[in-house]
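Okay, here's what each chain looks like letter by letter:
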Amino acid sequence: MLPLIIIAVAIAILSIGYIAYGGWLSKQWGVDPERTTPAVEFADGVDYVAAPPAVLMGHHFASIAGVGPINGPIQASLFGWVPVFLWCVLGGIFVGGVHDYGSLLASVRHEGKSIGEVVGATGGPRIKKLFIVFAFLVLTLVVASFVNVVAGTFYTPDAHIGFVTNPTGNQSTAMISSLFLILAVLYGILTNKVGLHLGPATVLGIIGIVAAIVVGMKVGFSMGRTGWIIVIACYITIASLLPVWIVLQPRDYLSSYLLYSMMGIAILGIMFTNFTRTAEFHIPAFTGFSTDLGYLFPTLFITVACGACSGFHSLVATGTSSKQLRNEEDARVIGYGAMLIESFLAIIALIAVGMVFDKYKAGAFGSPSVAFASGIASMFGAEASGIYRIIYALITLAASTFALTSLDTGTRLGRFMISELFLKEGEVTYKDATGARRVLAHPLTGTLFIVLAGCIIGGLSLSQIWSLFGAANQLLAAVSLIAIAFWLGGLEKRRNMLYGPMTFMLLVTLTSLITTIIGKIKGFVNGTLTAPMWGHWFQLIFAVAMVVMAITLVIEGVKKYRQLKKNWREKSETDGDAREA
């Protein structure tokens, strides 16, 4: 009964949050459905392509989800289900939702440009460049993390390259994902060039997904890990440069149906379990303020990550989604609504691991994603049953699909940021630049830079990547909230709702990174760190870089804010004198 109660309470609170708090934010920020969006004003058929709300929701939700809201809550479940539940629900409403909605709207009001450009418009070029470099470092970790995840769900150890019958789970997943890409391209052509309407095209797309799954369950594809990393690198390079309607929009839209189906299956499983008692929820309500993961503060808030707040979301919102938003009125459901759905997915992941919690604590699963698939499958039957194997395969496929979706979106975002870093004021594309800057700002240059950096780091399969990503990602969220505050200050709109989340996320992330730095230094001095040592040096150097850049951004931001506040006060006094005269 407890899982059903948890789900019902989560739905109720998140729904109230969307209607009440989300509606209040829309009024405070002056959302205007009559305002022309960048997707319409600057339509170019490549990056600026207005999309129907359902299609854009599919892209945005699939891109921000990845495996973050699955892995994070499962890892944090060691603290108990109550603290994870509270942070996912309340954090989603008052922190993550505000962050995502504000980022999307700020970008829409700045010609669909990135969050770095948004903060630069008010904070100046120095803050803009610092922010872009900071965000690009986080994106590199995103690509590295998800390259590692996707290659891990595709590859067959010591395998030959080719098609196989009676495939393993990884071989089936690799085959289905490859067919899925072909299906996405066909869908994009049908809807954008042939003119097929969204409804019939969606039906055909879903039929195609089912067909791909049927084929992949019978015939798989075998290849080693290195081979898959090379294939993934080639794919994300091409996907980053192609117009969004060819791969990005259709792939993410169709992917979202896998995610919706996965969530629907999980809810059915929870209801089935409630009435048949085929599985039991074993996570304690609260296990204490200290676990094997670390102390509740800051570890819980770093570990849950995307289930409550994620800086990566601001990059997606301002990098691709803002360039596809057809009407400003849709910003609430895309920005705020998608975040709350992701919080709900995090709650589902929490319940799923609760069904296999004893095995998870004992280390029976290779990753949280495997525990998630096993937990949902166990709601329907025993591990040896046919229904268990089918559900397990579908959930594994969905998880790997969203990791790949985050990969191609992250690569495109990195390409945008490199271009913005080397373009001067007034220059729109690399064609406007001259000399070396023209080469550096070229889309291919930025794409190759992030692909090579991300794939090399991800190929090392370092366990430290994910933990470092969590802290850096949350720190990016804090800095993005500062950028949104700058934007609202420039509009003279209320920004009080940002101060609490901004301060809290800064304290959480800086505490986590500084703790990591101290721990690594002690480990080097005492000689207690295990191989590979390169991984520990990478984590230490990256953590130091994140802290230095974040503190620099905060200091620069405070200086600029004081200057802006002085300007606003002087303007207010001048306006008051004018009225009296």
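What counts, and at which threshold
- Residues numbered from 1 in each chain as written.
- Predicted model: local features only at pLDDT ≥ 70, side-chain atom pairs only at ≥ 80, totals over all residues.
- Heavy atoms only, no water.
- Helix = DSSP H or I, 4+ residues; strand = E, 2+ residues; numbered from the N terminus.
- Contact = heavy atoms within 4.5 Å.
- 1 Å grid on protein atoms, 1.4 Å probe; cavity = no way out; pocket = protein on both sides within 12 Å on 5 of 7 lines; lining within 4 Å.
- Points joined across faces, edges and corners; volume = space filled by probe spheres on them.
- Nonpolar A, V, L, I, M, F, W, Y, C, P; charged D, E, K, R; others polar.
- Buried < 20%, exposed > 50% of the residue type's maximum accessible area, 1.4 Å probe, protein only.
- Core = buried A, V, L, I, M, F, W, Y, C linked by side-chain atoms within 4.5 Å.

A.B. asks: Explain the environment of Met 217 to me, please; I cannot follow it from the model alone.
C.D. replies: Along the chain, Met 217 turns up in helix 9 (residues 198–218). Each C-alpha atom, one on Met 217 and one on Val 203, is 21 Å from the other, the two residues being 14 residues apart in sequence. Not counting residues within four places of it along the chain, the set of residues in contact with Met 217 comprises Pro 167, Ser 172 and Ala 393.

A.B. asks: Hey, could you run me through the layout of surface pockets in this one?
C.D. replies: A water-sized probe, rolled over the atoms, reveals where empty space remains. Here the second largest pocket defines a volume of roughly 960 Å³. If you trace the second largest pocket, you find 32 residues lining it, with Lys 113, Glu 420, Leu 423, Glu 427 and Val 428 closest to the centre. Counting only elements with at least two residues in the lining of the second largest pocket, the list comes to helix 6 (115–123), helix 7 (125–154) and helix 17 (386–422). Of the residues forming the lining of the second largest pocket, the biggest block, four residues, is contributed by helix 17. Classifying every residue of the lining of the second largest pocket by side-chain character gives 11 nonpolar, seven polar and 14 charged.

A.B. asks: Would you explain unusual backbone geometry in this entry?
C.D. replies: Among all residues except glycine, the phi angle is most often negative; among peptide bonds, the trans geometry is most common. Cis geometry is adopted by the peptide bond preceding Pro 298, which originates at Phe 297 and carries an omega value of 10°. Among the structural elements, Pro 298 can be located in helix 12 (residues 296–304). Although it is not a glycine, Glu 111 sits at a positive phi angle of roughly 60°. Looking at the element boundaries, Glu 111 is found in the loop between helix 5 (81–108) and helix 6. For Asn 166, which is not glycine, the phi torsion reads 50° and is therefore positive. Inspection of the secondary structure puts Asn 166 in the loop between strand 1 (162–165) and helix 8 (169–194). The class for Asn 166 is exposed, based on a relative accessible area of 73%.

A.B. asks: For this particular structure, what's the right way to read the nonpolar core?
C.D. replies: As a rule of thumb, soluble globular proteins bury nonpolar side chains together. Core analysis: the biggest nonpolar cluster contains 182 residues, and Phe 134 and Phe 372 have the highest contact counts within it. Apart from residues no more than four positions distant in its own chain, Phe 134 is found in contact with Ala 472, Leu 475, Leu 476, Val 479, Met 546, Met 549, Ala 550 and Leu 553.

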